[in-house]
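Here is how the chains run, residue by residue.
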Amino acid sequence: RTSVLPSTILVGLCPLWVGLADRISGREVPDAFWLGCASAVAGTAVLAGDASGAAAVTGDALAAASGVLWAAYILAGRDARARVGASTWQAGVCLAATCVLAPAALLRGDALWGFSRRTSLLLAGFVLGPQLVGHQGLTYVVKYLPARQVAALTLLEPVGATALAALFFGEIPT
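Nothing here was measured: the structure is a model prediction, and the numbers come from that model. (Residues numbered from 1 in each chain as written. Predicted model: local features only at pLDDT ≥ 70, side-chain atom pairs only at ≥ 80, totals over all residues. Heavy atoms only, no water.)

**Some remarks on the overall build of the protein chain**
Now for step 1: The secondary structure content of the protein chain amounts to 8 helices and 0 strands.
Now for step 2: Ordered by position in the sequence, the α and β elements of the protein chain form the string α-α-α-α-α-α-α-α.
Now for step 3: Taking the principal axes of the C-alpha coordinates as reference, the protein chain spans close to 50 × 45 × 30 Å.
Now for step 4: Here the analysis covers contacts within the protein chain between residues at least 6 apart in sequence; of these, 76% occur between residues at least 24 apart.
Now for step 5: Counting only carbon and sulfur atoms, one obtains 71% of the accessible surface of the protein chain, whose full area is about 10600 Å².
Now for step 6: One finds the centroid of the 11 positive side-chain charges in the protein chain at a distance of 10 Å from the centroid of its 9 negative side-chain charges. (Helix = DSSP H or I, 4+ residues; strand = E, 2+ residues; numbered from the N terminus. Contact = heavy atoms within 4.5 Å. Areas by Shrake-Rupley, 256 points an atom, 1.4 Å probe, with all protein chains shown as cover. Lys, Arg positive; Asp, Glu negative; His and termini not counted. Charge placed at Lys NZ, Arg CZ, Asp CG, Glu CD.)

Here it is as structure tokens:
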């Protein structure tokens, strides 16, 4: 188990992975970008260091892997958006996720329907907030801005996640 703050910061290393991919593919990456990444990595090391134990290491490793996958998603979106609209790309991503996750959930015996009204409203909120505004917004702008700048926007996630974790879970950063 890891806490919200270190996990969202490790996922937030996404800009570093996008910058590295850009550099490897021959795109110009300004020095200021690398300075920002170095600052983010240093901050991550300090903040993520508050958890301990094997469970925290596993959770942190999964969070770091999520950052790499988030970077891959942004890079794939950049390439796809050169050819298709944001809604088409996002619909394809959601369809692919459904095709993978729905059978997995059914095999595990997880419920896919029949939730309480409260849970259904929360799920609708997750779709309307993070999915439509967040992911769809990033999908839209990646056609017009460098992927590394779009990835840098994901650094706002730890701030919001930490505030929500303090409010709902009582997790106060130390």
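There's plenty left to go through after this.
**Quick look at the layout of surface pockets**
Now for step 1: Roughly 1100 Å³ of internal volume is contained in the largest pocket.
Now for step 2: For the largest pocket, the lining is made up of 30 residues, of which Gly-129, Pro-130, Gln-131, His-135 and Glu-157 are closest to its centre.
Now for step 3: Of all elements in the fold, only helix H1 (4–11), helix H4 (54–81), helix H5 (86–108), helix H6 (117–141) and helix H8 (157–169) reach the threshold of two or more residues within the lining of the largest pocket.
Now for step 4: For the lining of the largest pocket, the element with the highest residue contribution is H6, accounting for 11 residues.
Now for step 5: Within the lining of the largest pocket, the residues separate by chemical class into 19 nonpolar, 10 polar and 1 charged. (1 Å grid on protein atoms, 1.4 Å probe; cavity = no way out; pocket = protein on both sides within 12 Å on 5 of 7 lines; lining within 4 Å. Points joined across faces, edges and corners; volume = space filled by probe spheres on them. Nonpolar A, V, L, I, M, F, W, Y, C, P; charged D, E, K, R; others polar.)

**A short note on empty space enclosed by the protein**
Where empty space is left becomes clear once a probe the size of a water molecule has been rolled over the atoms.
Now for step 1: Summed over the entire model, instances satisfying the criterion amount to 1 cavity of 30 Å³ or more.
Now for step 2: Taken as a whole, the largest cavity encloses approximately 50 Å³ of empty space.
Now for step 3: Tyr-73, Ile-74, Gly-77, Trp-89, Leu-138, Thr-139, Val-142 and Val-150 together form the lining of the largest cavity.
Now for step 4: Considering only residue class, the lining of the largest cavity consists of 6 nonpolar, 2 polar and no charged.

**Structural notes on H6**
Now for step 1: The first and last C-alpha atoms of H6 sit 34 Å apart over 25 residues, in line with the 36 Å expected at 1.5 Å per residue.
Now for step 2: Roughly 30 degrees is the biggest bend found in H6, and it falls at Gln-131.
Now for step 3: Taken together, the buried positions of H6 are occupied by Gln-136, Leu-138 and Thr-139. (Expected span 1.5 Å × (residues − 1). Bend = angle between axes of the 7 residues up to and from the residue. Buried < 20%, exposed > 50% of the residue type's maximum accessible area, 1.4 Å probe, protein only.)

**Topic: the nonpolar core**
Now for step 1: In terms of nonpolar packing, the biggest core is built from 16 residues, with Cys-14, Val-18, Trp-70, Ile-74 and Ala-147 touching the most fellow members.
Now for step 2: Elements that contribute at least two residues to this core include exactly H1, helix H2 (14–24), H4 and helix H7 (147–153).
Now for step 3: In terms of residue count, H4 provides more of this core than any other element does, 6 residues in total.
Now for step 4: Ranked by size, the runner-up nonpolar core spans 5 residues in total, among them Leu-16, Phe-33, Trp-34 and Cys-37. (Core = buried A, V, L, I, M, F, W, Y, C linked by side-chain atoms within 4.5 Å.)

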